[in-house]
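# Secondary and tertiary structure notes
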Amino acid sequence: MNATHGDPVEVPPMRPPTDPADPADPADPADPADPAEHGALPGVPERRYAVWRPRGLPRGLPRRSRLVAAGTAALITVAVLGTVIRFGGGDGGPGTSGPLGGGKREPGSASLPWPREGQAAVRVEGFGNLGIHGPNRPVPIASVTKVMTAYVILRDHPLRKGESGPRITVDRQAADESVSGIESSVPVRQGQRLSQRRLLELMLIPSGNNIARLLARWDAGSQEAFVGRMKRAATDLGMNRTTYTGASGFESTTTSTAADQLKLARQVMRDEVFRSVVAQSHTAVPDTSRTLANSNALLDTPGVVGIKTGSSTPAGGALMWAVTVPDRQGRHRLALGVVLHQRAGTSPQEGLRAVFDSSRALVEAVRSQVATAPSPTADVASGSR
């Protein structure tokens, strides 16, 4: 596979600018100091918060003193209740934790081995969010962009299990880009007719940028028009901190957050064809006996079934992953995670090594936690959003 900007390529070091409109704020849900950033386990005794409730005031106190004392007690009560509410976990928004089997994040309970840099988000279907860690600020996502490209293609041209879909003619632009040498590309020839399913494989498995743009032109007439569809899809999914500027991820101006990409992962993994493609370890070069390996080295980890890598100097290493893990009853649960901005500003290869290491640690921790956690209540287990 060629060196890439969407997957491995050495380009001049560049870091995304800090958003001056989004300063670090202790109240920011994604602030590292926020105690809700760490995933928590059920089965940990709930910490009780003592609230001082005065049973009565000395009769000898002047009326003004009694009023001051009562007011102070009320303020303490409100402050402590506010703390309890602040620690209560949820099941969706950034900065929240919906720990396994509980729905509350208890201070001092176990946490996941979050990466030391960048950002990450993890959830287990049926149990909820395990946490969102790191600054919730948009960063370049490189070839993870192709997940949205596939989502829009399959939304506009759905395939059923076993279907290959319509045949699409390779245009001159896609053929020329396949030998550019400056980005991740797949060798194709002008005039080749390849099925929709085949092109999805060539885009998602070896991460062909030229194939992503070919699919965009086929779907919308131009890459620019297709990007408009990507943006609307992101809005529909509530990905409010995501900006798409291309179909491949080559552009460092395509940015997102781990929390936003987790929303996309949940939606796209409901598509059976998409799931089957991203779980493949390799695919073949069209009209040859050569094979192309999946860029996702995490597939070597037991239970991992996808999803997509990304790497560039601005993005560092990025990975959207999926793994099936058994719970205490032996039922397999789908765990999803996104890790972004690992070793940004270094080489794409170093970024990929870092994101694979961080993701493996998270996968193994999730596997261990799900195996020992109490099962979720019936309504949670049957109604995963």
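Residues numbered from 1 in each chain as written. Predicted model: local features only at pLDDT ≥ 70, side-chain atom pairs only at ≥ 80, totals over all residues. Heavy atoms only, no water.

What follows deals with the sheet that holds strand β2 (residues 128-133). Across the sheet, five strands lie side by side as β2-β1-β11-β10-β9; this open sheet has antiparallel pairing. Each edge of the open sheet carries a strand with a single partner, namely β2 and β9 (304-312). Across the sheet, the mean angle from the axis of one strand to that of its neighbour is 10 degrees, orientation sign disregarded. Strand direction decides the pairing type here: strand β1 (residues 119-124) and β2, joined by five bridges, are antiparallel. Looking across to β2, one finds that Ala121 is bridged to Ile132. Each of β1, β2, β9, β10 (316-326) and β11 (332-342) is contacted by helix α9 (residues 348-372), which is oriented at about 20 degrees to β10, the strand it contacts most. (Pairing = 2+ DSSP bridges. Helix = DSSP H or I, 4+ residues; strand = E, 2+ residues; numbered from the N terminus. Axes fitted to C-alpha atoms, helices over the stretch in contact; angles between N-to-C directions. Contact = heavy atoms within 4.5 Å.)

In this section: unusual backbone geometry. Where the residue is not glycine, phi is negative for most of them; where a peptide bond is considered, it is trans in most cases. The linkage connecting Gly306 with the following residue, Ile307, adopts the cis geometry, with an omega of 20 degrees. Along the chain, the position of Ile307 falls in strand β9. At Ala142, a residue that is not glycine, the phi angle is positive and equals roughly 50 degrees. The residue Ala142 is located in the loop between β3 (139-140) and α2 (145-156) in this model. For Ala142, a relative accessible area of 3% gives the class buried. A positive phi angle, close to 60 degrees, is found at His341, a residue other than glycine. Its location among the elements puts His341 in strand β11. (Buried < 20%, exposed > 50% of the residue type's maximum accessible area, 1.4 Å probe, protein only.)

Glancing now at the pairing of β10. Along β10, nine of the eleven residues are buried, which leaves the element largely enclosed by surrounding structure. As paired strands, β9 and β10 are joined by eight bridges and run antiparallel to one another. Of the residues in β10, the one forming a bridge with Gly310 is Ala318. In this antiparallel pair of consecutive strands, β9 and β10, the connection spans three residues. Bridging between β10 and β11 involves nine bridges; their strand directions are antiparallel. Residue pairing across strands places Met320 opposite Val338, the latter belonging to β11. Connecting β10 to the next strand, β11, in antiparallel fashion are five residues, including Gly330 with a positive phi near 90 degrees.

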